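A look at the structure
Read off the chains here:
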Amino acid sequence: MSSPSTPLLEVRDLRIGFPNPRGGEVFPVDGVSFRLDRGETLALVGESGCGKSLTSLALLQLLPPPGRVLSGSSIKLEETEILSLRGEALRAIRGRRIAMIFQDPMTSLNPVLTVGSQVVEALTAHRRWSRADAKARTIALFEEVGIPDPAQRFAAYPHHLSGGLRQRIMIAMALAGEPDILIADEPTTALDVTVQAQILELLDRLRAARGMAVLLITHDLGLVAGRADRVAVMYAGQIVEEAGTTDLFERPSHPYTRGLFRSIPRLHESVLRLSPIPGTVPLPSAWPSGCRFHPRCAEVLARCSTEAPLNTELETTGPARRTRCWLASPLPPRA
């Protein structure tokens, strides 16, 4: 039994390595740590290339080869170390306790099978259902995720459906195993603004109704407000800031987070041009020394290029607040 203080999921010092064609190894995820409590939503935010999706794939041992999780990393589901699981023990976790909605539903769904048969397959993989019971449960899941005419849609192929309906099919498939944790990797990719809002509202409703924890992965801070309990901002393979959502939006402590906010358009402000962050995320084979954000930072100090900042705990009245920045004011030492 886990104690009340034990997180549902705890990731410690996660490092992922890939062979470097020029020799050696590169580390696109390099020392990531976070926790996820039952029933909460944690948003993992950052630009493309920061390592967000690789982090999520590592949680289910789904890294594309030849990627590997390095020794010293830990991913615990309550008291179970996921990285030590193999075979049936791992399959008992995948889909059943931790499920994932992948980025693009058109490429994630099999184009030559009906959407109903694909959800039936997910159901029978986790539980011993008869074909008739699995079909009835699939239709009920379609109804739960807001698919109109669910019985009729059971026989549809993915190309018959809109992007929003395909995403709802993916959500139904993820729910088939009754998971404790739902990973939503860019769940609104390629959807129009109205459908984006519908999908996010659906995830909120399902989380509340089922008591699931949600790991929401996105590059868009605008999607996070009002939906996540906490936010972890990721840059160049590391989490550079972590805070409660209210704290992060009111007082972002890392220059990268502030840069992300400056690049968001606001309806109530008449700004002729947005303020993008200069440059791009470096390749893992060329992580800068010191603070990895320093080549793009407008607030850079002399020490930033040579000394990697520590993960500093900051004062807060909400969830724990940490940042990797030499400009941060740490908590005073405890008496």
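What counts and how
- Positions within a chain are numbered from 1, following the residues in the order the chain's sequence is written.
- The predicted nature of this model means local features are confined to residues of pLDDT at least 70 and side-chain atom pairs, given and counted, to a pLDDT of 80 or more, with totals for whole chains, interfaces and linings taken over all residues.
- To get the side-chain values, all heavy atoms of the structure are used, and hydrogens and water are removed first.
- Every helix listed is a DSSP run of H or I at least four residues long, and every strand listed is a run of E at least two residues long, numbered separately from the N terminus.
- In what follows, residue pairs with any heavy atoms lying within 4.5 Å of each other are defined as contacts.
- The buried label goes to any residue with under 20% of its type's maximum accessible area, the exposed label to any with over 50%, and the partly exposed label to all in between, with areas taken from a 1.4 Å probe on protein chains only.
- Identification of polar contacts relies on pairs of N or O atoms within 3.5 Å, with a donor-acceptor requirement for protein atoms, meaning one able to donate a hydrogen and the other able to accept it, and with residues adjacent in sequence counted only if both atoms are side-chain atoms.
- Between any two strands, pairing holds if DSSP finds at least two bridges.
- The definition of a nonpolar core used throughout is a set of buried Ala, Val, Leu, Ile, Met, Phe, Trp, Tyr and Cys residues joined through side-chain atoms within 4.5 Å.
- We call Phe, Tyr and Trp rings a pair once their centres come within 6.5 Å, taking the six-membered ring for Trp, and we label the pair stacked below 30 degrees between planes, edge-to-face above 60, and tilted otherwise.
- As a reminder, the over-ring test applies to NZ of lysine and CZ of arginine, requiring each to be within 6 Å of the ring centre and within 35 degrees of the ring normal.
- Here, a salt bridge means any Lys or Arg side-chain nitrogen found within 4 Å of an Asp or Glu carboxyl oxygen.

1. Structural notes on the environment of Lys-76
Positionally, Lys-76 belongs in strand E5 (residues 74–77). Placed 17 residues apart in sequence, Lys-76 and Leu-59 show a C-alpha to C-alpha distance of 9.0 Å. Every residue in contact with Lys-76, bar those within four places of it in the chain, is listed here: Leu-8, Leu-9, Glu-10 and Glu-81.

2. Section: the side chain of Glu-241
Along the polypeptide, Glu-241 turns up in strand E11 (residues 238–244). For Glu-241, a relative accessible area of 0% translates into the label buried. At a separation of 2.9 Å, a polar atom in the side chain of Glu-241 contacts the side chain of Ser-253. In terms of polar contacts, Glu-241 uses its side chain to reach the backbone amide nitrogen of His-254, at 3.0 Å. Aside from chain neighbours lying at most four places away, what touches Glu-241 is Val-231, Ala-232, Val-233, Leu-248, Arg-251, Pro-252, Ser-253, His-254, Thr-257, Arg-321, Arg-322 and Thr-323.

3. A word on the pairing of strand E10 (residues 230–235)
Of all 6 residues making up E10, 6 are buried, and the element is well covered by its neighbours. Alternating residues of E10 divide into Arg-230, Ala-232 and Met-234 and Val-231, Val-233 and Tyr-235, and every residue in both groups is buried. Sheet topology note: the E10/E11 ladder contains 6 bridges and is antiparallel. Paired with Tyr-235 across the two strands is Gln-238, which belongs to E11. Where E10 hands over to E11, the hairpin turn is made up of 2 residues, of which Ala-236 adopts a positive phi near 50°.

4. Here we look at the nonpolar core
Note on soluble globular proteins: their nonpolar side chains tend to be buried together. Grouped together as the largest cluster of nonpolar side chains are 59 residues, with contacts concentrated most on Leu-9, Ile-75, Ile-181, Leu-215 and Tyr-256. In this structure Ile-75 touches Leu-9, Glu-10, Val-11, Leu-14, Ala-58, Leu-59, Thr-80, Glu-81, Ile-82 and Leu-83, once residues within four positions along its chain are discounted. Of all hydrophobic cores here, the second largest spans 38 residues; its members include Val-120, Leu-123, Ala-172 and Leu-202.

5. Some words on the packing of aromatic side chains
Scanning all chains against the criterion turns up 4 aromatic pairs. Their ring planes at 50° and their centres at 4.6 Å tell us that Tyr-235 and Tyr-256 sit as a pair that is tilted. Taken together, the residues Tyr-235 in strand E10 and Tyr-256 in helix H10 (residues 255–262) connect sequence positions 21 residues apart. Just as Tyr-235 is buried, Tyr-256 falls in that class too. Taking 4.9 Å as the distance between ring centres and 75° as the angle between the ring planes, the aromatic pair formed by Phe-249 and Phe-261 counts as edge-to-face. Of this pair, Phe-249 sits in helix H9 (residues 245–250) while Phe-261 sits in helix H10, placing them 12 residues apart in sequence. Through successive ring pairs, a cluster of aromatic residues spans Tyr-235, Tyr-256 and Phe-293. Positioned above the aromatic ring of Phe-154 is the side chain of Lys-135, whose terminal nitrogen or guanidinium carbon lies 5.1 Å from the ring centre. Of note, Arg-303 hangs over the ring of Trp-326, and the distance from its end group to the ring centre comes to 3.6 Å.

6. Thoughts on the pattern of salt bridges
As enumerated under the stated definition, the model contains 22 salt bridges in all. Taking the shortest distance from any N to any O, the salt bridge between Asp-30 and Arg-15 comes out at 2.7 Å. One end of the pair, Asp-30, is in strand E2 (residues 25–36); the other, Arg-15, is in strand E1 (residues 9–19), with 15 residues separating them in the sequence. Since its relative accessible area comes to 26%, Arg-15 is described here as partly exposed. With its nearest N and O atoms 3.1 Å apart, the salt bridge here joins Arg-97 to Glu-78. Of this pair, Arg-97 sits in the loop between helix H2 (87–91) and strand E7 (98–101) while Glu-78 sits in the loop between E5 and strand E6 (80–81); the two residues are 19 residues apart in sequence, bridging distant segments of the chain.

7. Looking at the side chain of Thr-218
In this fold, Thr-218 is placed in strand E9 (residues 213–218). In this structure Thr-218 comes out as buried when scored by relative accessible area, which is 1%. Among the polar contacts made by the side chain of Thr-218, one reaches the main-chain amide nitrogen of Asp-220 at a distance of 2.9 Å. Ignoring any residue separated from it by four or fewer positions in sequence, one finds Thr-218 in contact with Leu-44, Val-45, Gly-46, Lys-52, Glu-186, Leu-223 and Val-224.

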